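Each chain, written out:
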Amino acid sequence: ITLCRALANPADRVAWLALSRAPWCGLRLADLHRVGSWGERGIRQAPADLFSDPGMLEGLSADGRERLQHLQRVLQLAESTRDRLALRVWIEQVWLALCGPATASYPSQLRDAERFFQLLEHAEREGLGLDLRWLQRQVDSLKLGEEQPDSKLQVMTRHKAKGLEFDW
């Protein structure tokens, strides 16, 4: 969702900052603070342009600079393929270029990602395009990540647990 929000609206600073903090970029908080406060110094830029601003990059840690430059390269690729690919293919290619699958801790997270990409495919078939409100409602109704059979903890309502007996 964060990736879709950032790609859908170049002026959405919150989405862009969340994207730069997401696991596939992983800016540290000090670097994220530098990026987030840079635009408040009289330089109002789209966050995607901000990521390549030499003045801003200068003040980042070496690790932060490398991470943002990788993100910037992927975003340039995304911008060059915008409207040339199917919606699902476009978002999925960007996610793959950001090494999205490497950030999954459980196989169920990859299944959730696949279900998300299927939603994008469905949206395009319905002629909705990248409708963020619709997409958010669909994701909320999917209840992604609920099925983790290897989890040692089950959270259930009192109604669901009624009649079940557990050792502890």
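Please refer to the structure higher up on the page.
Residues numbered from 1 in each chain as written. Predicted model: local features only at pLDDT ≥ 70, side-chain atom pairs only at ≥ 80, totals over all residues. Heavy atoms only, no water.

One pass over the full model with this rule turns up 8 salt bridges. A salt bridge links E114 to R88, with the shortest nitrogen-to-oxygen separation between them at 2.8 Å. Of the two residues, E114 is situated in helix 8 (residues 107–125) and R88 in helix 7 (residues 87–97); the sequence distance between them amounts to 26 residues. Exposure remark for E114: the relative accessible area of 31% places this residue in the partly exposed category. With relative accessibility at 13%, the residue R88 sits in the buried group. (Salt bridge = Lys/Arg side-chain N within 4 Å of Asp/Glu carboxyl O. Helix = DSSP H or I, 4+ residues; strand = E, 2+ residues; numbered from the N terminus. Buried < 20%, exposed > 50% of the residue type's maximum accessible area, 1.4 Å probe, protein only.)

Let's shift gears to the nonpolar core. Judged by nonpolar contacts, the single largest core of 39 residues is most densely connected at L3, L68 and I91. Within the residue set of this core, elements represented by two or more residues are helix 1 (2–8), helix 2 (13–21), helix 3 (29–38), helix 5 (54–58), helix 6 (62–81), helix 7, helix 8 and helix 9 (132–142). Considering every element that reaches this core, the biggest residue donor is helix 8, with 6 residues. Residues contacting I91, with those up to four places away along its chain left out, are L3, C4, L7, F117 and L120. (Core = buried A, V, L, I, M, F, W, Y, C linked by side-chain atoms within 4.5 Å. Contact = heavy atoms within 4.5 Å.)

What follows deals with the environment of A113. Along the chain, A113 turns up in helix 8. Separated by 18 residues in sequence, A113 and W95 place their C-alpha atoms 9.8 Å apart.

To continue, consider helix 7. Here helix 7 has its buried residues at L87, R88, W90, I91, V94 and W95. The inward-facing, buried residues of helix 7 contact helix 1, helix 6 and helix 8.

Glancing now at the packing of helix 8 against helix 9. At a minimum axis separation of 11 Å, helix 8 and helix 9 run at an interaxial angle of 140°. Considered as vectors, helix 8 and helix 9 are oriented oblique to each other. Considering the relative orientation of helix 8 and helix 9, their crossing is right-handed. Along the contact surface, helix 8 presents R115, F116, L119, L120, H122 and A123, while helix 9 presents W134, L135, Q138, V139 and L142. (Axes fitted to C-alpha atoms, helices over the stretch in contact; angles between N-to-C directions. Parallel < 35°, antiparallel > 145°, perpendicular 65-115°, else oblique. Left-handed = near helix turned anticlockwise from the far one by under 90°.)

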